[in-house]
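# Examining the three-dimensional arrangement
As a plain string of letters, each chain reads:
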Amino acid sequence: MTLFQSIIIAIIEGLTEFLPISSTGHMILASTAMNIHEDEFVKTFEIGIQLGAILAIALMYIKRFFRGWTIYFKLLAAFIPTAIVGLLAYEYIKAYLFNPIVVSVSLILGGIVLIFIDKKVVNSETDLAEVEDISYKNAFFIGLFQCLSMVPGTSRAAATIIGGVFNGLDKKQATEFSFLLAVPTMIAASGYDLLKSDLAMTNQQLSFMGIGLVVAFITAWIAVKLFLKYVSNHGFTAFGYYRIVLGILFLIFMWGTDLA
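Anyway, here's the lowdown on the structure attached to this text. Note on numbering: residues in each chain are counted from 1, in written sequence order. With pLDDT at 70 or above as the cut-off, local features in this predicted model cover only qualifying residues; side-chain atom pairs require 80 or more to be listed or tallied, and sums for whole chains, interfaces and linings still use all residues. Excluding hydrogens and water, the side-chain values take into account all heavy atoms of the structure.

## As for helix H1 (residues 3-16)
Helix and strand assignments come from DSSP, with helices taken as H or I runs of at least 4 residues and strands as E runs of at least 2, each series counted from the N terminus. Here the expected length of a helix is defined as 1.5 Å per residue gap, with one fewer gap than residues. Taking 1.5 Å per residue, 14 residues should reach 20 Å; H1 reaches 20 Å between its end C-alpha atoms and fits that length. Those residues of H1 that sit buried are Gln-5, Ser-6, Ile-9, Ala-10, Ile-12, Glu-13, Gly-14 and Thr-16. It only takes one pair of heavy atoms within 4.5 Å for two residues to be counted as in contact. On the buried face of H1, the contacting elements are helix H2 (23-33), helix H3 (40-48), helix H4 (50-60), helix H10 (171-196) and helix H11 (203-234). Between buried and exposed lies partly exposed: a residue is buried under 20% and exposed over 50% of the maximum accessible area for its type, with that area taken using a 1.4 Å probe on protein chains only.

Laid out in structure tokens, this is it:
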């Protein structure tokens, strides 16, 4: 992986991590399209730069985390299912599901669900004044939805937003809960992945990682700001169509170049 390619991957991570279009899926597709060999450093890089995106959300919502303990307990309730399923299924997911075909199919199916959500559910009213008012039961069920995002291409953001809408939140609240839940989930997932890696990085690789973290932080901050404004006014339909088109195009691309 060259410096230019590492910057492209970091931009993709920052732009897509908190949008319902799958950052992992986009990085896998981009790496395949750029013919980047998925060696141990590339895998570690793709995991490590997520910490830059997490930091953007943590700083953006820092006041929310200091309001009181309630939000921590609700996020814990949502995080528990992911932690259990993740520990049990980690090896299987890494071994069998991280490939462009799974990503493309997941993008298409997730896009269809997002369009359905926008047409059938998103306009419903919520009885909750704040995200923190969600019940522990509903928070737990959002966590169950988040487990679906372990399949690459599904999108953690899409899964938790859909789960939020089905569990009493409006589209803005569901999006914000998804952002907040990303902090413990991604720290745990990225930390676990990094601990499993025994890679000793060279000075050049360390510089790539540092640049990637900064780029992911900046692009994630911009993406989240724009995404919240867009969702409040337009919903998720455009993201659904984007997912479907991207998934179909990449299936065609792989079929034409024998990358499958």
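We are not done yet, so read on.
## As for unusual backbone geometry
Excluding glycine, residues mostly carry a negative phi; peptide bonds, for their part, are mostly trans. Residues other than glycine seldom take positive phi values, yet Ser-22 does so here, at roughly 75°. Along the chain, Ser-22 falls in the loop between H1 and H2. Judged by relative accessible area, Ser-22 falls into the buried class, the value being 4%. Notably, Ser-155 is not glycine yet its phi reads approximately 90°, a positive angle. Take Ser-155: it is sitting in the loop between helix H8 (136-147) and helix H9 (156-166).

## Description of the packing of aromatic side chains
In this analysis, rings of Phe, Tyr and Trp, with Trp reduced to its six-membered ring, are considered paired at centre separations within 6.5 Å, and the interplanar angle assigns stacked below 30 degrees, edge-to-face beyond 60, and tilted for intermediate values. For the structure shown, the criterion picks out 13 aromatic pairs. Taking 6.0 Å as the distance between ring centres and 45° as the angle between the ring planes, the aromatic pair formed by Phe-65 and Tyr-72 counts as tilted. The class of Phe-65 is buried, set by a relative accessible area of 12%. Classification of Tyr-72 by relative accessible area gives partly exposed; the value is 35%. Ring centres 5.5 Å apart and planes at 50° place the aromatic pair Trp-69 and Tyr-72 in the tilted group. Judged by relative accessible area, which is 64%, Trp-69 ranks as exposed. These aromatic residues form a ring-pair network of at least three members: Phe-18, Tyr-61, Phe-179, Phe-227, Tyr-230 and Phe-239.

Everything listed here is a matter of coordinates, which is why it stays silent on function.
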